[in-house]
Amino acid sequence: MVESWEHEEVVTRLGRRSGVPVTVAVHSRRLGPAAGGIRLRQYPTWQDGLTDALRLSRAMTYKCAVAGVPFGGGKTVIALPSPMSPSLRADALADAGELIASFGGTYLGGPDIGTGPDDMLYLRSYTDHVFCLPESHGGTGSSSGPTARGVLAALRAGMSAVFGTTSVAGRRVVVVGMGSVGSLLARELSAQGASVVAADVDPARCAGYEQVDVASAYSLPADVLVPAAVGGVIGPDVRAPLVVGPANNQLVSDDVAPVLAKAGVVWVPDFVASAGGVIYTLSREASGFDHDAALARVETIEETVRTVLASDVDPLAAAVALAERRLSSLALT
Ligand code: PHE
């Protein structure tokens with residue numbers, strides 16, 4: 001929740017081509033230019049899109065701070081009406097590109113829900129300030145693989161804390177959201193011997209897995225719950241002892257974190273678990289790391305999660321404290 005105004009700069013503009021409201025929210029540039037994905041989806045109202053941008057950009061500030069990358073937090077939200085045609089989508093993206101360009105490099109975009117490397121290439125006609133172009137165009141391509149790697153690293157630390165082993169073999173794991181990251185996780189976890197239950201608004205994406213509907217998935221009895229879709233979904237009714245996944249802003253509200261901790265549910269803070277994509281992409285495209293070095297950096301999420309879960313305060317409080325320390329010291333190591 002964003003309770004009071006804390007953002008550096010937020011612009012919502014009615015796209016001149018599309019008539020679609022596009023928001024670029026910069027929460028903080030304290031550690032560097034604001035980085036964050038470009039989310040394109042349908043929202044009931046433009047206010048919902050704006051609110052999402054405010055929350056998501058704040059999460060990016062924490063994500064980058066905890067990850068130790070020299071970037072701040074921002075986000076773009078393209079709030080499409082329903083239904084949308086392909087030409088409206090393209091026009092809305094162009095409008096977003098123009099708005100991102102107006103930030104002059106103080107906000108840098110990447111892929112997010114609803115956008116991918118081809119869209120980043122398309123946006124390049126309007127702005128230089130987007131990451132993750134297709135590899136055929138000199139970019140690092142989709143950030144989904146590294147994001148999934150980061151979640152698996154976080155999961156190992158969570159598994160150790162809850163079950164005393166990093167192995168998921170024989171565990172029942174519920175993956176909610178079979179999009180680009182969720183589907184990779186489902187595949188990898190079942191390859192590691194987990195029994196995967198999948199849920200998605202589009203049931204076709206769950207093919208090959210035991211399937212449940214999204215509404216009941218979050219409170220299903222299981223060993224691990226993996227939120228891999230939109231946020232605002234984790235309340236006190238969770239029944240898995242371990243919750244870790246790539247979705248941003250997972251909790252219904254921040255007050256849920258201590259409630260879960262008291263109930264013995266280990267929730268790995270989303271902005272720690274989901275940082276693999278930004279860590280990999282920014283390390284490669286902004287800091288010049290090679291593939292192996294960037295992936296090695298993604299793997300450090302395991303150690304960060306171990307530290308967060310070893311704290312005597314709840315995991316959210318521990319992770320926020322870690323972020324605040326970085327934000328106030330400006331010393332990134
Ligand atoms: N979608 C990513 C996230 O939420 C954002 C991102 C990915 C930004 C890759 C830049 C590069 O963390």
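Note that this is a predicted model, so its numbers are computed, not measured.

1. Some remarks on the side chain of Ser 57
Turning to step 1, where the next piece is worked out: Summarising the element assignment, Ser 57 is placed in helix 1 (residues 46-67).
Turning to step 2, where the next piece is worked out: Judged by relative accessible area, Ser 57 falls into the buried class, the value being 0%.
Turning to step 3, where the next piece is worked out: Among the polar contacts made by the side chain of Ser 57, one reaches the main-chain carbonyl oxygen of Ala 53 at a distance of 2.8 Å.
Turning to step 4, where the next piece is worked out: For Ser 57, the contacting residues outside a window of four places in its chain are His 7, Ala 25, His 27, Gly 73, Gly 74 and Lys 75.

2. Some points on the site of the ligand
Turning to step 1, where the next piece is worked out: Residues in contact with the ligand amount to 13 residues; listed here are only the nearest, Lys 63, Lys 75, Pro 111, Asp 112 and Asn 248.
Turning to step 2, where the next piece is worked out: In the model, an oxygen atom of the ligand is placed 2.7 Å from a nitrogen or oxygen of the Lys 63 side chain.
Turning to step 3, where the next piece is worked out: Here a nitrogen atom of the ligand and a backbone polar atom of Pro 111 are 2.9 Å apart.
Turning to step 4, where the next piece is worked out: Its free accessible area being 330 Å², the ligand has 93% of it covered by the protein chains.
Turning to step 5, where the next piece is worked out: Of all elements in the fold, only strand 3 (34-42), helix 1, strand 5 (107-111) and helix 9 (276-285) reach the threshold of two or more residues within the shell around the ligand.
Turning to step 6, where the next piece is worked out: Classifying every residue of the shell around the ligand by side-chain character gives 4 nonpolar, 6 polar and 3 charged.

3. Considerations on the nonpolar core
Turning to step 1, where the next piece is worked out: Counting 102 residues, the largest nonpolar core has Ile 78, Leu 155, Leu 189, Leu 225, Ile 234 and Val 244 as its most contacted members.
Turning to step 2, where the next piece is worked out: Per-element accounting of this core gives the leading share, 8 residues, to helix 4 (residues 144-163).
Turning to step 3, where the next piece is worked out: Counting residues in each nonpolar core, the second largest holds 6 residues, with Ala 25, Tyr 43, Ala 53 and Val 77 among its members.

Conventions we followed
The residue numbering used here restarts from 1 in each chain and proceeds along that chain's sequence as written. Under the rules for a predicted model, residues below a pLDDT of 70 receive no local features and side-chain atom pairs below 80 are neither given nor counted, while totals for whole chains, interfaces and linings still include all residues. Only hydrogens and water are removed before side-chain values are computed, so all heavy atoms of the structure are retained for them. A run of H or I in DSSP counts as a helix once it spans at least four residues, and a run of E counts as a strand once it spans at least two, with each numbered from the N terminus. For every residue, the accessible area obtained with a 1.4 Å probe (protein chains only) is divided by the maximum for its type, and the residue is called buried under 20%, exposed over 50%, and partly exposed between those limits. Throughout this description, a polar contact denotes any pair of N or O atoms lying within 3.5 Å of each other; where both atoms belong to protein, one of them has to be capable of donating a hydrogen while the other can accept it, and for residues adjacent in sequence the pair is counted only when both atoms sit in side chains. Whether two residues touch is decided by their heavy atoms; if any such pair falls within 4.5 Å, the residues are in contact. In this text, near means that some heavy atom of the residue lies within 4 Å of the molecule or strand in question. Here the Shrake-Rupley method, with its probe set to 1.4 Å, supplies the accessible areas, and only the displayed protein chains count as covering residues. Amino acid classes used here: Ala, Val, Leu, Ile, Met, Phe, Trp, Tyr, Cys and Pro are nonpolar; Asp, Glu, Lys and Arg are charged; the rest, including Gly, are polar. By convention a nonpolar core is built from buried Ala, Val, Leu, Ile, Met, Phe, Trp, Tyr and Cys residues, the set being connected through side-chain atoms within 4.5 Å.

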